[in-house]
Amino acid sequence: FEADGATAIAGTFTVSSGTYDANDNTTTVTGLATINGGATYLAGSDTQTFNGGLAISGTMTGAGGAINVNVTFTLGAGGSIAAGSGAITITADSVDLGSTANTIGGTGTITLQPTTVTRPIVLGAAGTASDFALDTAELSALTDGFSSITIGRDNGEHAITISAVTFNDPVTIR
C-alpha cells in the first residue's frame with residue numbers, strides 16, 4: 001500500500017505483511033498502529049504521528065521525517081526502527097523498548113518521556129508498574145549515532161532514579 005497524499009486514519013492501523021509506504025507524506029493514526037513481523041513501514045521524509053500508540057515487531061524505516069508516538073510504545077521481538085536523520089519522540093507512560101540491542105537507530109534526536117508529568121523515571125533498573133522505567137536491556141536498544149538522547153519531560157515534576165547505565169551519545173535527563 002502506498003499513500004497518495006497526507007493520510008489520516010481515525011481508527012486502528014495494522015500492517016500485517018508487505019509494505020506500507022507513506023511516500024514522503026504526513027501520516028496521522030488516532031488508534032493503535034501495529035506493524036507485524038515480516039511487514040515494513042516506510043516512514044519517508046515527512047512526519048508520522050501515532051496518537052493511539054505503536055507496536056512494532058516488523059520494520060520501520062525513515063528518511064528524515066519525524067516519528068511521534070503517544071500513549072503507548074512496544075518494540076517486540078524482531079522489531080526495529082531506523083529513523084535516518086528524523087527525530088523520534090515517544091511520549092507514553094507505558095514504554096517497552098524490547099531487549100535486543102541496537103534495534104532503534106538514527107542520526108537525529110530521540111526523546112523518551114512519560115505522558116504524566118509526575119510519573120517517576122527509573123533508568124538502568126526494572127522499576128515498578130507506576131514508573132517510566134527503562135532497564136539496561138531496553139536502553140541497549142538505542143543504537144549509537146543519535147545526535148542527542150533526552151529522557152524526561154521539560155516540565156517534569158518526577159523523581160528520577162538512575163542505576164548503572166552507559167550511553168554512547170550525548171544524553172540529557174530531566
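Scroll up a little and you will see the structure.
The notes below deal with the structure included here. (Residues numbered from 1 in each chain as written. Predicted model: local features only at pLDDT ≥ 70, side-chain atom pairs only at ≥ 80, totals over all residues. Heavy atoms only, no water.)

A word on the overall build of the protein chain. Looking only at helices and strands, the protein chain has one helix and 19 strands in total. A compact globule built from 174 residues would reach a C-alpha radius of gyration of about 16 Å, and the protein chain, at 15 Å, matches this within 12%. Each of the 174 residues in the protein chain was classed as buried or not, and the buried ones make up 44%. Within the protein chain, residue pairs in contact and separated by at least 24 positions form 29% of the contacts whose partners lie at least 6 positions apart. For the protein chain, the exposed area adds up to about 7,200 Å²; of that, 50% sits on carbon and sulfur atoms. (Helix = DSSP H or I, 4+ residues; strand = E, 2+ residues; numbered from the N terminus. Rg over C-alpha atoms; globule rule 2.2 N^0.38 Å. Buried < 20%, exposed > 50% of the residue type's maximum accessible area, 1.4 Å probe, protein only. Contact = heavy atoms within 4.5 Å. Areas by Shrake-Rupley, 256 points an atom, 1.4 Å probe, with all protein chains shown as cover.)

This part takes up the sheet that holds strand β3 (residues 18-21). The strand order β3-β6-β9-β11-β13 describes an open sheet built from five strands, whose pairing is parallel. Sheet topology places β3 and β13 (104-105) at the edges, where each strand pairs with a single neighbour. Taken together, the three bridges between strand β9 (residues 59-62) and strand β11 (residues 80-82) define a ladder with parallel strand orientation. Bridge assignment links T59 to a residue of β11, and that residue is S80. (Pairing = 2+ DSSP bridges.)

Residue position: A3 is located in the segment before β1 (7-9). For A3, a relative accessible area of 3% corresponds to the buried category. For A3 and N23, which are 20 residues apart along the polypeptide, the C-alpha to C-alpha distance reads 5.8 Å. If sequence neighbours within four positions are ignored, A3 has contacts with Y20, D21, A22, N23 and N25.

So, on to the side chain of T49. Along the chain, the position of T49 falls in strand β7 (residues 48-50). In this structure, T49 is in contact with T27, T28, V29, N68 and N70, ignoring residues within four places of it in sequence.

Right, let's talk about the nonpolar core for a bit. Counting residues in hydrophobic clusters, the biggest one holds 40 residues, and the most contacted among them are M60, F73 and I104. In this view, F73 contacts L54, I56, I81, I90, A92, S94, V95, D96, L97 and I104; residues no more than four positions away in its chain are not counted. (Core = buried A, V, L, I, M, F, W, Y, C linked by side-chain atoms within 4.5 Å.)

A cluster of nonpolar side chains, I160, I162, V171 and I173, forms an exposed patch at the surface whose accessible area comes to about 280 Å². Going through the elements one at a time, β18 (160-162) and β19 (171-173) are the ones with two or more residues in the nonpolar patch. With respect to the secondary-structure elements, I162 resides in strand β18. On the basis of relative accessibility, which here comes to 48%, the residue I162 falls in the partly exposed class. (Patch = residues over 30% accessible without salt bridge, like charges linked within 9 Å, V, L, I, M, F, W, Y side chains within 5 Å. Salt bridge = Lys/Arg side-chain N within 4 Å of Asp/Glu carboxyl O.)

Bringing the sheet that holds β18 into the picture now. Strands pair in a sheet through their backbones, by hydrogen bonds, and they do so in one of two ways: parallel or antiparallel. Overall, parallel pairing links the three strands, which are arranged β16-β15-β18 in an open sheet. Here the strands that pair on one side only, and so sit at the sheet edges, are β16 (132-134) and β18. The mean inter-strand angle of the sheet, taken between neighbouring strand axes irrespective of direction, is 5°. (Axes fitted to C-alpha atoms, helices over the stretch in contact; angles between N-to-C directions.)

For the coordinates displayed, the defined rule picks out four aromatic pairs. Seen from their ring centres, F13 and Y20 are 5.1 Å apart, and the 75° between their planes marks the pair as edge-to-face. Each member of the pair, F13 together with Y20, is buried. Aromatic side chains F13 and Y41 sit 6.4 Å apart centroid to centroid with 90° between the ring planes, which places their arrangement in the edge-to-face category. Of this pair, F13 sits in strand β2 (residues 13-15) while Y41 sits in strand β6 (residues 39-44), and the two are 28 residues apart along the sequence. When sorted by exposure, F13 lands in the same class as Y41, which is buried. An aromatic cluster is built from F13, Y20, Y41 and F50, whose rings are joined through pairwise contacts. (Phe/Tyr/Trp six-rings, centres within 6.5 Å; stacked < 30°, edge-to-face > 60°.)

None of this, on its own, says anything about what the molecule does.
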